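Chains, contacts and geometry: an overview
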Amino acid sequence: MPYMMIKGKMPYFRSRIPARLSHRMDRNEIRIPVRTTDLQKASAVCRLLQRQMNRICDIMEKENHSFTYDELRAKLDEVANLLLSSIESWTFDYIHSNHNTPKDREEVARGIDHFINDTRRSLVESDYGIAQRDFQTMGPPELQNISSLWAFDSLAKEYYQKRIHVLEVAKQHLQGNYDTEYDRRKGTATVDPHATLQARAMREQIIPAPVSTPEVSFSQLIEQFIEFKVSSGEWKAKTRVSRQASLHLLVEYFGEECDPAAITASQMLDFREKVLRKLPVRRNVSPEYRNKSLKDLLELDHIKTMDIATINDYLMVCSSFFQWGIRFHDWKSNPVSGLLISDQRSDDAKRVPYTQTEIETIFRNWVTFPDNTPARKARKEQFGWILLIAAHSGMRENEICQLFVSDIVCSNGIPCFDLQENHPTKSLKNRQSRRQVPIHAQLLKHGFLTFVNRQRELPEKIICEGTPPVRQLFPCCLWDKNNHYGRNFSRAYAAFSHAILPDSPAKFHSFRHNVATCLNNLDGISSHHVSRILGHAQQTTTERIYTKTDLEVLSGILNRMHYNVDPFELLGMPSLSDAAVQEQIALLPVKG
């Protein structure tokens with residue numbers, strides 16, 4: 001046999017490395033001892049090793065080849081074959097070294113039973129440690145580097161069925177019965193379980209149905225879906241970024257070669273339980289997690305995982321993708337249907353405002369925000385006003401960060417924020433977000449318009465090529481097409497907040513909940529007024545179309561809200577006289 005040699009009565013596997021690859025492996029041949037004295041067994045092992053060697057060479061020549069799920073399934077037989085050969089080689093050596101009594105054979109049989117029971121337990125508990133070990137020690141390279149967690153889990157389940165089968169064959173051989181189905185089919189080098197077992201396993205979804213390779217890749221389908229949502233006006237740029245992360249997680253788990261039309265409900269349930277419930281929060285943002293693979297992340301312990309609302313957001317995006325496939329690609333069903341998790345928390349528990357103590361902690365500690373250079377000092381001032389505006393208006397983060405100096409206007413005698421999409425770089429969440437929000441009297445009294453007038457002296461700049469020059473109210477808030485204007489502030493505030501309130505579930509958006517809670521608790525205030533201030537959808541057609549609220553009324557309502565602690569006092573900000581405030585208001589541009 002060209003790939004087996006005998007040296008000192010010990011058989012060796014020997015294979016020459018093709019000259020075109022030897023320089024990459026730094027050797028001309030490979031020699032591996034085959035630990036058995038049975039030349040027939042050694043020959044079988046060497047044949048299997050030579051096949052692996054041939055595949056390694058093929059892979060090295062085609063490093064960019066992506067194996068399909070069906071191709072990977074075909075490799076499982078080889079691992080099971082090699083396992084059986086290894087067990088029988090060990091059994092042969094053991095029995096022919098003075099251990100040939102019935103008691104010795106019973107002991108070997110008990111050992112094989114132990115392997116079978118371990119495999120069955122692992123199959124039931126979805127513990128794939130045995131499969132991972134076998135793939136690494138006996139599998140071809142393509143099984144040792146499976147990037148898709150779903151593909152690995154599915155292949156491991158199928159391999160366990162094959163493993164149990166060959167272990168049962170080993171027991172039959174030990175008892176002298178070589179007339180098994182495996183032996184009768186030995187010439188085909190397969191170790192498929194009996195057809196009845198395979199059929200039953202398929203019905204019970206122990207072995208998932210093979211997923212065919214689609215003509216269009218998984219990622220390409222997702223990009224088509226995203227473009228459909230964007231072109232339909234359903235998703236804006238920031239929405240696109242967050243939704244894209246949800247969909248790419250599907251590809252990361254199921255693999256690029258997976259056909260999404262073949263994904264089943266049980267596989268999506270596994271995705272929910274094994275991935276979404278174990279994934280850490282801010283996976284793509286936190287330096288602690290963003291460079292880790294999905295597999296590494298899911299093995300972490302004692303981490304803060306995503307809450308039910310976030311998991312459901314992921315599932316709803318996936319569900320929308322499958323519904324699109326049903327509509328435009330004739331997919332048969334939506335595997336996400338019915339998988340949303342019931343959230344038993346009350347509405348109050350889902351929307352967490354800052355406590356009064358936390359409000360005090362935030363503004364008392366704002367003095368520690370870095371300001372040791374002119375640039376940092378300007379950033380601290382600008383970010384400080386963003387905090388104060390949020391706390392006294394309930395405006396969204398991006399609504400504040402994208403303000404231009406020209407957006408601070410006087411309408412019907414009321415100083416207000418004019419929130420419009422009046423520049424190509426601006427984006428509002430929905431129709432109701434286009435509004436005018438009165439400026440709280442405390443902001444005016446403590447120098448907000450002084451800050452605005454100072455920013456009015458700054459030169460205009462072009463935010464994005466091809467757009468008109470503007471004068472930003474907060475120049476430290478840099479624009480990008482995916483995150484709009486809020487990215488710099490969001491990161492800075494998240495780091496600051498985590499440092500002073502590490503255990504608080506509240507975040508910057510909680511200021512919006514503080515304002516909403518305070519306004520809704522005021523006597524004589526209707527939900528219509530609160531919705532107008534916050535930019536929420538109106539509940540009835542009359543409210544949406546016919547009801548117009550006077551800015552003076554909204555200003556009076558907003559000025560009634562206050563905190564138990566005074567943020568301006570905590571920040572050491574002096575107040576202006578009423579006359580000085582009126583002079584500043586008179587200088588504002590008027591907008592009807």
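Just so we're clear, the structure is a prediction, and the values are computed from it rather than from any experiment.

Conventions we followed
- Residues numbered from 1 in each chain as written.
- Predicted model: local features only at pLDDT ≥ 70, side-chain atom pairs only at ≥ 80, totals over all residues.
- Heavy atoms only, no water.
- Pairing = 2+ DSSP bridges.
- Helix = DSSP H or I, 4+ residues; strand = E, 2+ residues; numbered from the N terminus.
- Salt bridge = Lys/Arg side-chain N within 4 Å of Asp/Glu carboxyl O.
- Buried < 20%, exposed > 50% of the residue type's maximum accessible area, 1.4 Å probe, protein only.
- Axes fitted to C-alpha atoms, helices over the stretch in contact; angles between N-to-C directions.
- Expected span 1.5 Å × (residues − 1).
- Phe/Tyr/Trp six-rings, centres within 6.5 Å; stacked < 30°, edge-to-face > 60°.
- Patch = residues over 30% accessible without salt bridge, like charges linked within 9 Å, V, L, I, M, F, W, Y side chains within 5 Å.
- Areas by Shrake-Rupley, 256 points an atom, 1.4 Å probe, with all protein chains shown as cover.
- Lys, Arg positive; Asp, Glu negative; His and termini not counted.
- Charge placed at Lys NZ, Arg CZ, Asp CG, Glu CD.

Here we look at the pairing of strand S1 (residues 4–7)
As paired elements, S1 and strand S2 (residues 10–16) share four bridges and run antiparallel to each other. In the strand pairing of S2, Met5 is matched with Tyr12. The hairpin formed by S1 and S2 contains two residues between the paired strands, and Gly8 there has a positive phi angle of roughly 60°.

What about the pattern of salt bridges?
All told, the structure shown has 21 salt bridges when counted by the stated rule. A salt bridge links Asp113 to Lys171; the nearest nitrogen and oxygen atoms lie 2.8 Å apart. Residue Asp113 is located in helix H4 (residues 102–125), and its partner Lys171 is located in helix H7 (residues 149–174); the two are separated by 58 residues in the primary sequence. Exposure remark for Asp113: the relative accessible area of 26% places this residue in the partly exposed category. Its relative accessible area of 17% is what places Lys171 among the buried residues. Asp153 is paired through a salt bridge with Lys274; the nearest N and O atoms lie 4.0 Å apart. Here Asp153 is found in helix H7, whereas its partner Lys274 is found in helix H12 (residues 265–276), with 121 residues between them in sequence. Across the pair, exposure class does not vary: Asp153 and Lys274 are buried alike. Connected through salt bridges with shared partners, the residues Arg121, Glu125 and Asp127 form a single ionic network.

Some details on the sheet that holds strand S5 (residues 414–419)
One open sheet holds the three strands; their spatial order is S4-S5-S6, and the pairing between them is antiparallel. Edge positions in the open sheet fall to strand S4 (408–411) and strand S6 (435–438), since each of these has one partner strand only. On average, each strand axis in the sheet is tilted by 45° relative to the strand beside it, whichever way the strands run. Bridge analysis of S5 against S6 gives four bridges, and the strand direction is antiparallel. Looking across to S6, one finds that Asp418 is bridged to Gln436.

Describing helix H14 (residues 308–329)
Across its 22 residues, H14 extends 30 Å between first and last C-alpha, which sits within 8% of the 32 Å expected from 1.5 Å per residue. Within the span of H14, buried status applies to Ile311, Asn312, Tyr314, Leu315, Val317, Cys318, Ser319, Phe321, Phe322, Trp324 and Gly325. Looking one or two residues beyond H14, the residue adopting positive phi is Asp330, at roughly 60°.

Some thoughts on the packing of aromatic side chains
Considering all chains together, one arrives at 35 aromatic pairs under this definition. A centroid spacing of 5.0 Å and a plane angle of 75° characterise the contact between Phe489 and Phe508, whose relative ring orientation is edge-to-face. Within this pair, whereas Phe489 is found in helix H21 (residues 487–500), its partner Phe508 is found in the loop between H21 and helix H22 (510–520), the two being separated by 19 residues in sequence. Overall, Phe489 belongs to the buried group, its relative accessible area being 0%. Overall, the relative accessible area of 9% leaves Phe508 in the buried class. Members of the aromatic cluster, joined through ring pairs, are Tyr354, Phe363, Trp366, Phe369, Phe383, Phe489, Tyr493, Phe496, Phe508 and Phe511.

Quick look at a positive patch on the surface
A contiguous patch of positive charge on the surface is contributed by Arg282, Arg290, Arg487 and Arg491. Of the residues examined, Arg487 reaches a relative accessible area of 34% and is grouped as partly exposed.

Some points on the pairing of S4
The side chains of a regular strand alternate between the sheet's two faces. Residues Ile408 and Cys410 of S4 are buried on one face, and the alternating residues Val409 and Ser411, pointing to the opposite face, are buried as well. For S4 and S5, the ladder comprises four bridges, and the chain directions are antiparallel. Its bridge partner being in S5, Val409 is matched across the sheet by Cys416. Linking S4 back to S5 in an antiparallel pair, the connection comprises two residues, with Asn412 at a positive phi of about 55°.

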